Each structure stands twice: as C-alpha cells, then as structure tokens.
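Okay, here's what each chain looks like letter by letter:
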Amino acid sequence: MHHFTYREDELYCEDVPLKELAREVGTPCYVYSHATLRQHFAVFDSAFSNVPHLTCFSVKANSNVAVLNLFGSLGGGVDIVSGGELFRARQAGIPPERIVYSGVGKTPAEIDYALKEGILMFNIESDQELEVLNRRAGELGCKARIALRVNPDVDPNTHPYISTGMKKNKFGIAIDTALQAYGRAKGMENVEILGVDCHIGSQLTEITPFIDALKRLRLLIDRLGEMGIAIRYLDLGGGLGIIYDQESPPHPHEYAQAILQEMKGLSCTLIFEPGRVIVGNAGVLLGKVLYTKKGPSKSFVITDAAMNDLVRPSLYGSYHLIQPVERRERETQIVDVVGPICESGDFLAKDRSIPMVQPGEYLAVMSAGAYGFSMSSNYNSRPRAAEVLVHGDRYSVIRRRETWQDLVALENIPDFLKG
Ligand SMILES: *Cc1c(COP(=O)(O)O)cnc(C)c1O
C-alpha cells in the first residue's frame with residue numbers, strides 16, 4: 001500500500017503531480033510520501049499494541065532527519081549502526097532511551113558518545129567489543145546496558161549480501177557460545193545485561209526463519225534464567241520484506257501474530273528494528289530521460305539518475321519497477337535503463353519492457369525509499385540528489401541537491417603543491 005498513483009494518466013504522490021515537482025526541484029530526486037511513511041509505521045507498530053514493545057526504525061534504511069523526526073513523533077525509536085547515525089537520531093529529536101546500537105565495529109569514540117547520550121542498549125557483537133565497552137563505561141563512571149547479538153544460524157533465504165544470521169556471516173556471537181559470553185558479561189562491573197538480540201537478514205519473504213530464530217532465542221533465555229540472568233528485552237531485529245516485483249512477503253500483522261504466538265509465557269519487552277518494510281514503498285526516485293539509443297544488440301534509455309543515486313540494481317541485481325510519470329497509449333520496447341556513470345554496472349533495469357520514452361520525459365523508479373538515498377555516493381563527481389517529502393498537496397525539500405561547490409568543499413591543495 002502506498003500513495004503513488006496515476007490520476008488521469010499522470011503519476012501523483014498524494015496530491016502532488018510528480019511532473020510539476022520534478023520541474024520545480026529538478027532531477028534526479030527522491031520523493032517520499034508522508035502519508036505512506038506514517039501509515040507503514042503505524043501498521044507495524046500497532047501489530048504489537050497488545051504487548052510491551054518498542055519499534056526502533058533502522059536508520060540506515062533512510063537516514064534523513066525529517067523522516068527520523070516523523071517516526072519519533074509517532075512514538076518510535078531507532079536502531080543505529082554508527083556514531084553518525086546516533087548524531088542524526090539526536091538531531092531528529094529521538095530520545096536516547098529509545099535508541100539501540102548494533103554493528104560489529106563500534107569504535108571507542110562511538111562507544112563513548114553513545115554512553116554519554118545514555119542510549120537504551122548496545123547490541124554487542126563480540127567478546128572484545130564487550131570488554132572495550134566495559135572499560136569505557138568504567139572510565140566514564142557509568143553503566144553500559146547491553147544485549148548480546150546472537151547469531152542463531154538460520155538461513156533467511158534472501159540475497160547472500162543481506163543475509164546476516166548464518167554461521168558464515170560476520171554478525172553476532174554464535175549461539176553455542178552465547179551462554180559463556182553472557183557469563184562473562186555478568187561478571188563485568190560496568191555492564192548491565194538487559195536483553196537478547198538477533199537480526200538474521202533483510203528482505204525476508206517468509207515467516208519461518210524469524211520463528212526458527214525466535215525458538216532458539218527462547219531456549220537461550222530459559223538457560224540464562226537458570227544462570228540468574230533475567231532478560232527484560234528481546235530484540236528481534238528487522239528484515240521483513242516488501243513487494244518490489246512478484247514477491248509475497250507476510251503482512252506485518254501475520255508476522256506479528258506468528259511472533260506473539262511463539263512468545264507466549266515470556267514477559268519481555270519486544271524490540272523491533274524494521275527498515276525496508278516501513279520506508280521501501282514510501283519513496284520513488286525521479287529521473288529524466290536524457291537520450292535513447294539503439295546499439296547493435298541492445299537498446300538503451302539513458303537517464304540522469306544513475307547507480308550513484310540508487311545502487312541496489314548494480315549491487316544486488318535488485319528489481320525496481322520503472323514507470324513513466326506521464327502515462328499514455330504507446331508501444332513498449334525492451335531496453336536497459338542506464339545512467340551516465342562510466343561503468344557497465346551502471347543500470348537501473350536490464351532487458352526491461354517499458355513504454356517507448358522520449359528525451360525530456362520523467363521516469364519514476366518505484367520502491368526506492370529504503371537503501372536508496374542512504375546508499376548513494378558522489379561517484380563520477382555527481383552531486384547527490386535532492387530529497388523531497390510530500391504531505392497532501394504540499395511538499396518540502398528535506399535535503400537540498402548538492403552543488404559542484406559541495407563536491408570540493410572538504411578538499412584542500414597543500415602548500416607543497418603550490419609553485
Ligand atoms: C539493516 C538492519 C536492520 C533493518 O533491516 P531491514 O531489512 O531494512 O528491516 C535492522 N537491524 C540491524 C542490526 C540491521 O543491520
């Protein structure tokens with residue numbers, strides 16, 4: 001469900017015609033629907049309304065401070081994976097007691113920052129990290145609240161690059177050794193054990209892997225109870241998939257029902273870290289057709305949006321539906337939709353049947369709200385795109401387009417190069 005629909009053959013976001021928006025803001029640009037963001041958050045969050053829980057939006061999926069601010073105003077927290085994301089979350093007004101911090105490589109400086117802010121908990125991914133955290137907390141005279149991120153060794157059946165809960169992945173602490181790690185944590189002076197955490201992967205389209213992981217965590221929680229370690233928070237991570245093409249992921253309510261069924265008799269506060277399922281279908285990337293050309297074996301549509309704006313097709317071979325902003329009767333053609341970047345891996349779609357498009361017209365790359373702008377780069381010295389938030393018949397630029405000046409603003413020619 002989202003608010004990008006055709007009205008009389010023109011694509012709208014809520015009540016804003018995208019053609020006009022593209023003319024005013026320029027392309028490439030990301031457009032997010034406020035109504036969709038709010039609705040997706042509310043649907044997910046309300047699915048757990050009968051139990052104590054906290055929905056911590058995964059900042060890396062979409063890191064814009066306006067988007068984070070919206071989720072904060074709806075009662076949400078955030079899952080962060082860096083000091084930069086903590087800074088964004090605090091700028092967006094997310095209270096520290098609604099912040100959880102995951103990631104295999106937290107630096108001492110990032111740990112200090114999070115300790116000083118007083119976040120809810122650190123999701124610890126290794127013994128060494130736990131030791132550093134204990135030392136830093138001692139140094140700062142505070143207690144670090146923690147969960148161990150456990151790797152439950154389940155196969156999420158997703159793209160290998162976004163599978164995170166298998167033995168071969170770098171994430172978390174192997175479930176067979178988690179008890180010993182908790183034992184060590186219990187003996188640490190400056191660490192308070194709050195919970196158990198896992199996150200098994202992204203774009204999951206089945207419930208079974210989530211439930212398999214949960215079953216393993218429940219056993220662990222029981223064993224921890226026997227060791228005198230009471231678990232108050234159970235963080236089940238994110239990972240629920242969305243429809244890009246022909247997938248049929250579970251609805252958040254189905255996901256919730258299955259989890260709540262499996263949770264019976266456990267009195268923990270549940271934490272979730274959804275990213276994609278909240279923002280994925282709430283955003284599109286608008287690009288303009290620059291040229292079309294027919295090669296000897298393929299036809300190309302060349303747009304001003306490229307892999308530096310949306311890397312998912314190049315990185316994961318991901319599918320994004322591409323639609324003309326103006327719909328009219330016309331023939332279709334099979335093309336590669338590509339950007340101006342000097343890489344053959346620069347494409348938004350391959351061998352795709354789309355309507356015959358003309359230079360100057362706008363295309364919408366659908367379902368680009370998650371891991372779109374947040375993964376974008378300046379490769380080929382392309383300024384990063386603008387981001388726009390639509391609300392009813394209004395919109396606001398929530399990140400201005402970068403300029404050429406921005407590209408060199410942090411660079412410096414040293415004196416020894418100057419003649
Ligand atoms: C990326 C990530 C998420 C969000 O995953 P989605 O698939 O976008 O829901 C949640 N938790 C952690 C630890 C992550 O790294």
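Because the structure is a prediction, the values reported are computed rather than measured.

Definitions and limits used
Residues numbered from 1 in each chain as written. Predicted model: local features only at pLDDT ≥ 70, side-chain atom pairs only at ≥ 80, totals over all residues. Heavy atoms only, no water. Near = heavy atom within 4 Å. Polar contact = N/O pair within 3.5 Å; in protein donor to acceptor, adjacent residues only side chain to side chain. Areas by Shrake-Rupley, 256 points an atom, 1.4 Å probe, with all protein chains shown as cover. 1 Å grid on protein atoms, 1.4 Å probe; cavity = no way out; pocket = protein on both sides within 12 Å on 5 of 7 lines; lining within 4 Å. Sits in = over half its atoms within 2 Å of the grid points. Nonpolar A, V, L, I, M, F, W, Y, C, P; charged D, E, K, R; others polar. Pairing = 2+ DSSP bridges. Helix = DSSP H or I, 4+ residues; strand = E, 2+ residues; numbered from the N terminus. Buried < 20%, exposed > 50% of the residue type's maximum accessible area, 1.4 Å probe, protein only. Right-handed = clockwise from strand over helix to strand, strands pointing away.

## As for the site of the ligand
And step 1. As a structural note, the neighbourhood of the ligand is formed by 15 residues, with K60, S202, E273, R276 and Y371 the closest of them.
And step 2. Within the contact set of the ligand, an oxygen atom lies 2.6 Å away from a side-chain nitrogen or oxygen of K60.
And step 3. Here a nitrogen atom of the ligand sits 3.2 Å away from a polar atom, N or O, in the side chain of D79.
And step 4. For the ligand, the accessible surface in isolation is 390 Å², of which the surrounding protein chains cover 95%.
And step 5. Counting atoms within 2 Å of the grid points, the majority share of the ligand lands in the largest pocket.
And step 6. For the shell around the ligand, the class distribution of residues is two nonpolar, eight polar and five charged.

## A short note on the pairing of strand β13 (residues 269–272)
And step 1. Pairing analysis gives three bridges linking strand β5 (residues 53–58) to β13, with the strands arranged parallel. Bridged to L54 within β13 is I271.

## Points about the sheet that holds strand β1 (residues 4–7)
And step 1. Here we have three strands laid out as an open sheet, ordered β1-β2-β3, and antiparallel in their pairing. What marks the edges here is a single partner per strand, and that holds for β1 and β3 (16–17).
And step 2. Examined bridge by bridge, strand β2 (residues 10–13) and β3 share two bridges and lie antiparallel to one another. Pairing of C13 across the sheet is with V16, part of β3.

## Topic: the pairing of strand β6 (residues 77–80)
Within a regular beta strand, the side chains point alternately toward one face of the sheet and then the other, so they alternate between its two faces.
And step 1. By the alternation rule, side chains of β6 split into G77 and D79 and V78 and I80, which are all buried.
And step 2. Tracing the backbone out of β5, into helix α3 (residues 65–73) and back to the parallel element β6 gives a crossover that is right-handed.
And step 3. Sheet topology note: the β6/strand β7 (residues 99–101) ladder contains three bridges and is parallel. Within β7, the position partnered with D79 by the bridge is V100.
And step 4. Following the chain from β6 across helix α4 (residues 83–91) to the adjacent parallel β7, one finds a crossover that is right-handed.

## Overview of helix α5 (residues 108–117)
And step 1. Every buried residue of α5 is listed here: E110, I111, D112, A114 and L115.
And step 2. Just downstream of α5, G118 is the residue with a positive phi angle, here 75°.

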